[in-house]
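# Summary of the model geometry
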Amino acid sequence: MLLPEHISLDQLQSLIDKLELSADAKNRIKENRKYLDEILNTGDTYYGINTGFGSLCNVRIDAEKLAHLQENLVCSHACGMGDEVPQEIVKLMLLLKIHGLSRGYSGVRMEIVQRLADFYNKDILPVVYEQGSLGASGDLAPLAHLSLPLLGKGLVNYKGKQMQASEALKDAGLEPMSLAAKEGLALLNGTQFMSSYAVWSLLAADRLLKWADVIGALSADGFMAKDEPFKHPIHRVRPHKGQIATAKNILQLLNGSAIQKLPKEQVQDPYSFRCMPQVHGASKDVVAMATQVVEIEINSVTDNPIVFHDEEAIMSGGNFHGQPLALQLDFLAIALSEIANISERRTYLLVSGQRGLPAFLAPDAGLNSGFMIAQYTAASIVSQNKQLCTPASVDSIVSSNGQEDHVSMGANAATKLYRVIKNVQRVLAIELLNAAQAIDLRRPLATSKPLEDMWATFREEVAVMNEDRVLHDDMILAEQFLNNDPSKWLAE
């Protein structure tokens, strides 16, 4: 399909299969490069185009060495370490880098953008490493690894295995390329590492926040919590958008439940049930705010210098600085970790032996330990999330001989957020196991139709626990179950 002029998160819910640049995008890229070539012939000095980089910006490079300069840049900046970036995020990096270059202000040749599109379409995915970016001057190290295969260097994942880029290019019928002036800098400057993690995280967050409502509602019926706190008048007088949406979701999910029709025995329910609209809703509002920032970012030009052919100017600035993303990524980690935090509290109450449920939801408790240690695991994961939520964006370390004296650390915020979201899914999975068990222990009472449907679908994957077994296996199945879209159970 044609790469859209403006990409939204909704369009990225499922990755574009095969992409093609529009005629307008191709014309922009060609016109922009033509202007840059004309400027180079004037002999004027421009940062990163015919000078060194960073604190070496005052070193003029001879014209015949400009291609070598750009290739040296890519090779010297490929300094990533640590774990490999997941391939789904690498593919997003390719997509967002192509989209950024297609804005037509980066001074690259059309051939470079097309080759990145070839990588995307043929699933030639460069091996990129998590560590190395300071989140300013662009995501230099990760984007260098993303760019190495253009030169036939580095590693790629291709056809189910990891191999040298040169081998993959040969198999795909492609030749290594040389870089022209400005191209290495355009490839390496940019926020596509941070923004790809941000896109993945926001899409995952949207799914998990829906699951939090569904699982929280199932837990509420399992614990015999009442639906009164979810009724509209309460939220009409404190009309935060996420709060109203959450209350509506949970009230709809509990509608028709036989458990809800039982006489009320408790005066009030604990906060982890009663305050789901306020807690889940606040996290939804953070996601909505972050989505606005990320959509601006992924549709922006974030390299440097920027070639304005339409204004006949080349300007150096700081659009590569990741501060807008860094702050949002840190806030997202906090917001999402709270979903795990409140989920674990609901799990704790379900196993606490209250309201007619056996201790640890165990048939023949004592002989069986039930879900005792599953709650331990949830508590451990929640504690780790609290450690991961220390903001990365409050730090800055001077680099490049003081030229780059304030950095965002947004890349570290991005990779921390990824771990937090994985942890949130695990904690919600543990709650789902407990909530489903509690519903089984309430039989013959039934919950609502949407929750009964979800429960039945889940029970096709994980059976009720009638006696102790290896719970790890059930926990993994529950975690995988949450990869499904829960929207069908939220539809009115």
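Scroll up to find the structure.
Presented here is a report on the structure given in the accompanying data block. (Residues numbered from 1 in each chain as written. Predicted model: local features only at pLDDT ≥ 70, side-chain atom pairs only at ≥ 80, totals over all residues. Heavy atoms only, no water.)

## Regarding the overall build of the chain
Under the convention used in this document: Labels follow the DSSP assignment, with helices taken as runs of H or I lasting at least four residues and strands as runs of E lasting at least two, numbered in each case from the N terminus. Relative accessible area decides the class of each residue, using a 1.4 Å probe on protein chains only: under 20% of the type maximum gives buried, over 50% gives exposed, and in between gives partly exposed. Residue contacts follow a heavy-atom distance rule, with two residues in contact if any of their heavy atoms lie within 4.5 Å. Surface accessibility follows the Shrake-Rupley procedure with a 1.4 Å probe radius. Residue values consider only the protein chains on display as shielding.
Assigned secondary structure in the chain consists of 18 helices and seven strands. Looking at the 492 residues of the chain, the share that counts as buried comes to 58%. Put simply, of all contacts in the chain between residues at least 6 apart along the chain, 80% involve residues at least 24 apart. Accessible surface for the chain amounts to roughly 20,600 Å². Of this, 52% is attributable to carbon and sulfur atoms.

## What about the pattern of salt bridges?
Selection criterion: We count a salt bridge whenever a side-chain nitrogen from Lys or Arg sits within 4 Å of a carboxyl oxygen from Asp or Glu.
By the definition in use, this model includes 19 salt bridges. The salt bridge involving Arg28 is made with Glu5; its shortest N-O contact spans 3.1 Å. With Arg28 in helix H1 (residues 23-40) and Glu5 in the segment before H1, this residue pair connects regions lying 23 residues apart in the sequence. The class for Glu5 is partly exposed, based on a relative accessible area of 36%. One salt bridge in this structure joins Lys284 and Asp213, with 2.5 Å as the shortest N-O distance. Taken together, the residues Lys284 in helix H12 (residues 276-298) and Asp213 in helix H8 (residues 192-222) connect sequence positions 71 residues apart.

## Focus on the environment of Leu490
Here Leu490 lies in helix H18 (residues 487-490). A relative accessible area of 12% places Leu490 in the buried class. Dropping the residues within four chain positions of it, Leu490 is found in contact with Lys210, Val214, Asn249, Gln252 and Leu253.

## Things to note about the sheet that holds strand E2 (residues 125-126)
Note the threshold: When DSSP finds at least two bridges between two strands, those strands are taken to pair.
Spatial ordering of the open sheet is given by E2-E4-E5, a layout of three strands whose pairing is antiparallel. Looking at the sheet topology across the chains shown, the edges are occupied by E2 and strand E5 (161-164). Relative to strand E4 (residues 155-158), E2 runs antiparallel, the two being bridged by two bridges. Within E4, the position partnered with Leu125 by the bridge is Asn157.

## Focus on a nonpolar patch on the surface
The criterion, for reference: Like-charged residues are merged into a patch within 9 Å and nonpolar side chains (Val, Leu, Ile, Met, Phe, Trp, Tyr) within 5 Å, provided each residue has over 30% relative accessible area and no salt bridge.
A cluster of nonpolar side chains, Met289, Phe331 and Ile334, forms an exposed patch at the surface whose accessible area comes to about 240 Å². Its place among the elements puts Ile334 in helix H13 (residues 323-350). Take Ile334: its relative accessible area is 36%, and that puts it in the partly exposed class.

## Quick word on the nonpolar core
This is how the line gets drawn: Residues enter a nonpolar core if they are buried and are Ala, Val, Leu, Ile, Met, Phe, Trp, Tyr or Cys, with the set joined through side-chain atoms within 4.5 Å.
By size, the foremost hydrophobic cluster in this structure holds 141 residues, and its most contacted members are Ile98, Val199, Leu336, Met454 and Phe458. Top element by residues in this core is H8. It accounts for 19 residues. In terms of nonpolar packing, the next biggest core, distinct from the first, is built from twelve residues, Leu36, Ile39, Tyr46 and Val307 among them.

## Notes on helix H3 (residues 87-101)
As a reminder, the rule being used: What a helix is expected to span follows from its residue count: subtract one and scale by 1.5 Å.
If you check H3, its first and last C-alpha atoms are 21 Å apart, about what 15 residues at 1.5 Å a residue would give, namely 21 Å. Extensive coverage of H3 is indicated by the burial of 13 of its 15 residues.

## Comments concerning unusual backbone geometry
Along the chain, Asn304 connects to Pro305 via a cis peptide bond; the corresponding omega equals -10 degrees. Among the structural elements, Pro305 can be located in the loop between H12 and strand E6 (306-308). Each neighbour pair has its own omega, and for Arg443 with Pro444 the value is 15 degrees, a cis peptide bond. The phi dihedral of Lys182 is positive, around 80 degrees, even though this residue is not glycine.

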